[in-house]
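So you can see what is in the structure, the chains are spelled out below.
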Amino acid sequence: MSGAAGGAGSGIDAVLLAKPPAFSEQSAAAMGEAAFGIAAAGARNLGSERDQTFMLLGDDGTGLAILKVSNPAEDPATLDMEALVAFHAVRADPALAVAQPRRSPAALPDAGAAGFRVRWDHDGDVHWLRVYDLLPGRARLDPRTLADPALVAWGHTTARLGRALRSFIHPNAIRTLPWDVQHASTVRPMLASIADRSTREAVEAVLDRFERTVLPRWSGLRAQVIHTDLTADNVLADDDGLITGIIDFGDLSHTALVVDLASVLDSMALGRPGEEMFRVARLVLDGYEHVVPLEPLEREVMGEIWAARAAVGVAIGSWRAAEGLEEPGFAERLNETALVMMDHMLTTGWERTALALGARDDSRGGSGTAVLSGRRDAVFGPAMEPLSYDEPVEMASASGVWMQDTEGRRYLDAYNNVVCVGHSHPRVTSAVARQWRVLNTNMRYLHHAAIELGERLVQSCPPELDTVLFVNSGSEANDLAWRIAKYHTGNQGGLCTDFAYHGITESMADLSPEVLPAGVSGAQHVETWLPPDAYRGLHPSSDEFAAALARLAARDVAPAAVILDGVLQSDGVLDLEPAYVQELVRLTHESGGLWIADEVQGGHGRTGSAMWSFERFGIVPDFVTLGKPMGNGQPVGAVILRRELAERFARDTVFFSTFAGNQVSMVASHAVLDVLADERVLPRVEATGDALRKAVREATAGHDRVGDVRGVGLANGIEIVTDRTSRRPDPEAAAAVKNGMRARGVLVGTTGRAVNTLKVRPPLAFTEVHIPTFVAALTGALDELPSS
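This one's a predicted model, so the numbers in the text were calculated from it and none came from an experiment. Starting from 1, residues in each chain are numbered consecutively following that chain's sequence as written. Per-residue local features are limited, in this predicted model, to residues with pLDDT of at least 70; the limit for side-chain atom pairs, both in listing and counting, is 80 or more; totals at the level of whole chains, interfaces and linings are taken over all residues. Note that water and hydrogens are dropped before the side-chain values are worked out from all heavy atoms of the structure.

**Describing the overall build of the protein chain**
As a reminder of what qualifies: Secondary structure is summarised from DSSP: a helix means a run of H or I of at least four residues, a strand means a run of E of at least two, and numbering begins at the N terminus for each. Accessible area is worked out with a 1.4 Å probe on protein chains only. A residue is then buried under 20% of its type maximum, exposed over 50%, and partly exposed in between. Here the accessible surface of atoms and residues is derived via Shrake-Rupley with a 1.4 Å probe, and residues count as covered only by protein chains that are part of the display. Counted as positive: Lys and Arg. Counted as negative: Asp and Glu, with His and the chain ends omitted from the count. One atom stands in for each charge, and that atom is NZ of Lys, CZ of Arg, CG of Asp or CD of Glu.
If you tally the helices and strands in the protein chain, you get 24 helices and 24 strands. Summarising its shape, the C-alpha atoms of the protein chain cover approximately 105 × 65 × 45 Å along the three principal directions. Relative to its full complement of 788 residues, the protein chain shows a buried share of 57%. If you sum the accessible surface of the protein chain, you get close to 31,500 Å²; carbon and sulfur atoms cover 53% of it. If you average the places of the 72 positive and of the 102 negative side-chain charges in the protein chain, the two averages end up 3 Å apart.

This is how it looks when you write it as structure tokens:
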């Protein structure tokens, strides 16, 4: 060993300083038979950094087992630790795919962990042979090919492995390995081996930052024995990139829990350009936090630990190549992409890197549904909306598009649009939990989260809409827009569609004919119009709207505002033509009124074609109102409007709401926007909606009770009729289908004045994978209907 190697190796495990064994494939096959009785026809060298790994092959070339030949410098007790941890992991999490060692046929009954290794003497060196079971999957995965679900799954598996090892301990796990980045400083003597100056300087800058800001806080991080090297090279994966086998515990060490995440991020983000590496990292972190929520300090220093991991990899690879311990092409194969990754974090800055990684901080059952329903009626009284289904459901938990009741039954949620990015999305729940632990107050104090969210919302809209006011719900948003419209125009009249719903405040109840009892006339200052019914060819022009304006004028009432839900959920889920809506806006402005685009139902990507449903009409509204999906269940709302409207309002009053703009609601709303972007939700919604409607139409082609299947994105209606000839609405049949689907584990609602349209508006986490389940429940419920 040269002096440079000796100097570089000070304090480092001796295994890194020794050359790996160099047995031939023919020798490996013979060793496997001699030591473990495996009659192999051959072997294939799988490559390894410090030891040798072979796949033992049968006569037909199929794999029989994995043979590992240790480095002569390896401590046998460390090899025993690797066997013990493999057993421990599977005991703790039996579903975790961890390769298990095989016991030597010659091992004594009391040999313990030593019974899983066999000594092999060769040319004066002592090697230890071990055999592991063969697991399914392929090695040498290219992380750049992984789809988003696989990245999330990697995070999930990493957390499961860490959780499985949390109670494992072994004295040999207390060691100094540079892959464990708490010992990153030990690679400094290796930096002279990095030939490229810019790469060397980047590694030095990363190590400087790590030693200055992370090491002093290291004792505050959760610590345990972990894998430390969970990368694409150390697992087996299926064709979708999902981990099917964890195969190497050679770098096992007691260190901070997040070091495992750093190794995964270092592997998964390699070769991802610019901000894409952060998007990938966030998806991995999402998967991790499905299992183990990160603590604030862990998230805060994640960037530095990740960068230090990359720096260590460059240093070790360059040094091993320079020392002749590995072929340079192999040892330095990841240096260039690691440099790109480090450079991006260095130029982004560490605080912004932390923000990019999500460090944005500014059921019980048992009484039975019948008893609980009775208690509900007793305490809430008759004004409360009835339960959704004939057989009530008491929900216990939910995740993504699935809900689970207190009896353990799962339901595919095709109804609840409030949780637009999915129930219990970790990005949202973690953001809310972190913020609650820090601060939640009102907008009389400065805070970044509200200001930045307002800026993001303005940027999502046409330039004319440049001002944001936060509220706590869609009802409040519509109420405030209505109030400002009356101030600005001096008018009192309002118009809405025939069966609209826009909120629960007094003014919005007047503009929500859906909540009026049958036969009850609406307020005198409000008129309604029948929107186009393309299924029946009714009301195709703007004449109905013009007539409504005329009726207001006949009562000497001028319009202050017209309000429209862009997907007309309450009217039966109708898709309007852009020219039609444009004409309505023109007539509104001509009559002195303002246009309110109610995006509570159709916004936040529900249509798939755009963030806001009004965009597909080619109009610029005077107000945009937001609610339900904005915080994924956290109460929040907003009004986006033209500055001149706010200025007129401000001359007569001041707007303040105690809870509006609170930090918890703001970080939830940021998280929703982040998920919509990171998971590329909008194009997925558009494709899923097209596929859903196509599948439903094909599956119900022979069902005479399905009159129309319509919608846009994931706002869809399935109209139930007595027959396709008369097209007569059949609300009883629609209710029966709704309840029949609930009985089959799929949740939908009903809508429309005749209450005969199935309302299908699932969380936007609904994908094409879920369509067969939905269609099967629908057709099953339809088949149960009596003949009309």
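There's more to say after this.
**Section: a nonpolar patch on the surface**
Under the convention used in this document: Within this analysis, patches are made of residues with over 30% relative accessible area and no salt bridge. Like charges are joined at 9 Å or less; nonpolar side chains (Val, Leu, Ile, Met, Phe, Trp, Tyr) at 5 Å or less. Within this document, salt bridges are pairs made up of a side-chain nitrogen of Lys or Arg and a carboxyl oxygen of Asp or Glu, the two lying within 4 Å of each other.
A surface patch of nonpolar side chains, about 320 Å² in accessible area, is lined by V379, F380 and M384. Considering the arrangement of structural elements, one finds F380 in helix 13 (residues 369–380).

**A word on the sheet that holds strand 3 (residues 63–69)**
Quick note on the threshold: In short, DSSP must find at least two bridges between two strands for them to pair. Helix axes use the C-alpha atoms of the stretch in contact, all axes being lines fitted to C-alpha atoms, and the angles between their N-to-C directions lie in the range 0 to 180 degrees. Here, residues are in contact when the closest pair of their heavy atoms is within 4.5 Å.
Sheet architecture is open: five strands sit in the order 1-2-3-5-4, paired in antiparallel fashion. Because the sheet does not close on itself, it has two edges, and the strands there are strand 1 (42–45) and strand 4 (118–122). Taken pair by pair, the neighbouring strands of this sheet meet at an average axis angle of 30 degrees, ignoring direction. Against the sheet, helix 2 (residues 25–36) touches strand 1, strand 2 (52–57), strand 3, strand 4 and strand 5 (125–132), its axis set at about 120 degrees to strand 1.

**Observations concerning the sheet that holds strand 19 (residues 637–641)**
Adjacent strands of a sheet pair through backbone hydrogen bonds, lying either parallel or antiparallel. Spatial strand order, 13-19-18-17-16-14-15: seven strands in an open sheet with mixed pairing. For this open sheet the edge positions go to strand 13 (467–471) and strand 15 (526–529), each flanked by a neighbour on one side alone. Neighbour to neighbour, the strand axes of the sheet diverge by 20 degrees on average, direction disregarded. Relative to strand 17 (residues 594–598), strand 16 (residues 559–565) runs parallel, the two sharing five bridges. Bridge pairing in strand 17 places I563 opposite I596. Helix 19 (residues 578–590) rests against strand 15, strand 16 and strand 17 of the sheet, and its axis sits at about 140 degrees to strand 17.

**Examining helix 4 (residues 148–164)**
Convention followed: What a helix is expected to span follows from its residue count: subtract one and scale by 1.5 Å.
Counted at 1.5 Å a residue, the expected span for helix 4 with its 17 residues is 24 Å, and the 25 Å between its end C-alpha atoms agrees. Counted residue by residue, helix 4 has 12 buried out of 17 residues, so it is predominantly covered. Listed as buried for helix 4 are D148, A150, L151, W154, G155, T157, T158, A159, R160, L161, G162 and A164.

**Focus on unusual backbone geometry**
Even without being glycine, R140 reaches a positive phi, approximately 55 degrees. Positive phi values are uncommon outside glycine, yet T228 reaches one of about 70 degrees. Mapped onto the elements of the fold, T228 is located in the loop between strand 6 (223–226) and strand 7 (235–237). Looking at T228, the relative accessible area reads 0%, which means it is buried.

**Section: the pairing of strand 12 (residues 410–413)**
Consecutive side chains of a regular strand alternate in pointing toward one face of the sheet and then the other. One ladder, built from three bridges, connects strand 11 (residues 402–405) with strand 12; its direction is antiparallel. Paired with Q404 across the bridge in strand 12 is R410. Hairpin remark: strand 11 followed by strand 12, antiparallel, with four residues in the connecting loop; positive phi at G408, about 90 degrees. For strand 12 and strand 22 (residues 746–747), the ladder comprises two bridges, and the chain directions are parallel. Looking across to strand 22, one finds that L412 is bridged to V746.

**Focus on the pattern of salt bridges**
All told, the structure shown has 49 salt bridges when counted by the stated rule. D678 is the partner of R282 in a salt bridge, and the nearest nitrogen-oxygen pair spans 2.6 Å. Looking at R282, the relative accessible area reads 17%, which means it is buried. The exposure class assigned to D678 is buried, which follows from its relative accessible area of 5%. When the shortest N-O distance is used, the salt bridge between R551 and E527 registers 2.9 Å. A residue pair is termed long-range when its members are at least 10 positions apart, and R551 in helix 18 (residues 543–554) and E527 in strand 15 qualify at 24 residues. By relative accessible area, R551 is classed as partly exposed at 34%.

**Overview of the nonpolar core**
Formally: In plain words, nonpolar cores are sets of buried Ala, Val, Leu, Ile, Met, Phe, Trp, Tyr and Cys residues tied together by side-chain atoms within 4.5 Å.
Ranked by size, the top nonpolar core spans 85 residues in total, and within it W218, M268, I305 and W306 carry the most contacts. In terms of residue count, the dominant contributor to this core is helix 9 (residues 302–322) (12 residues). Setting aside its immediate chain neighbours within four residues, M268 contacts P143, L146, L151, W154, A232, V280 and V284. Counting 83 residues, the second largest nonpolar core, distinct from the first, contains V421, M630, V672 and L758.

**Structural notes on the packing of aromatic side chains**
Any two aromatic rings considered together are summarised by their centre-to-centre distance and by the angle between their planes. Formally: In this analysis, rings of Phe, Tyr and Trp, with Trp reduced to its six-membered ring, are considered paired at centre separations within 6.5 Å, and the interplanar angle assigns stacked below 30 degrees, edge-to-face beyond 60, and tilted for intermediate values. Geometrically, a lysine NZ or arginine CZ counts as sitting over a ring once it is within 6 Å of the ring centre and also within 35 degrees of the ring normal.
Inspection of the entire model under this criterion finds five aromatic pairs. Consider the rings of W529 and F545, whose centres lie 4.9 Å apart with planes at 85 degrees: the pair is edge-to-face. Of this pair, W529 sits in strand 15 while F545 is found in helix 18, placing the two residues 16 residues apart along the sequence. A relative accessible area of 1% places W529 in the buried class. The side chain of R410 reaches across the aromatic face of W402, ending 4.2 Å from its centre.

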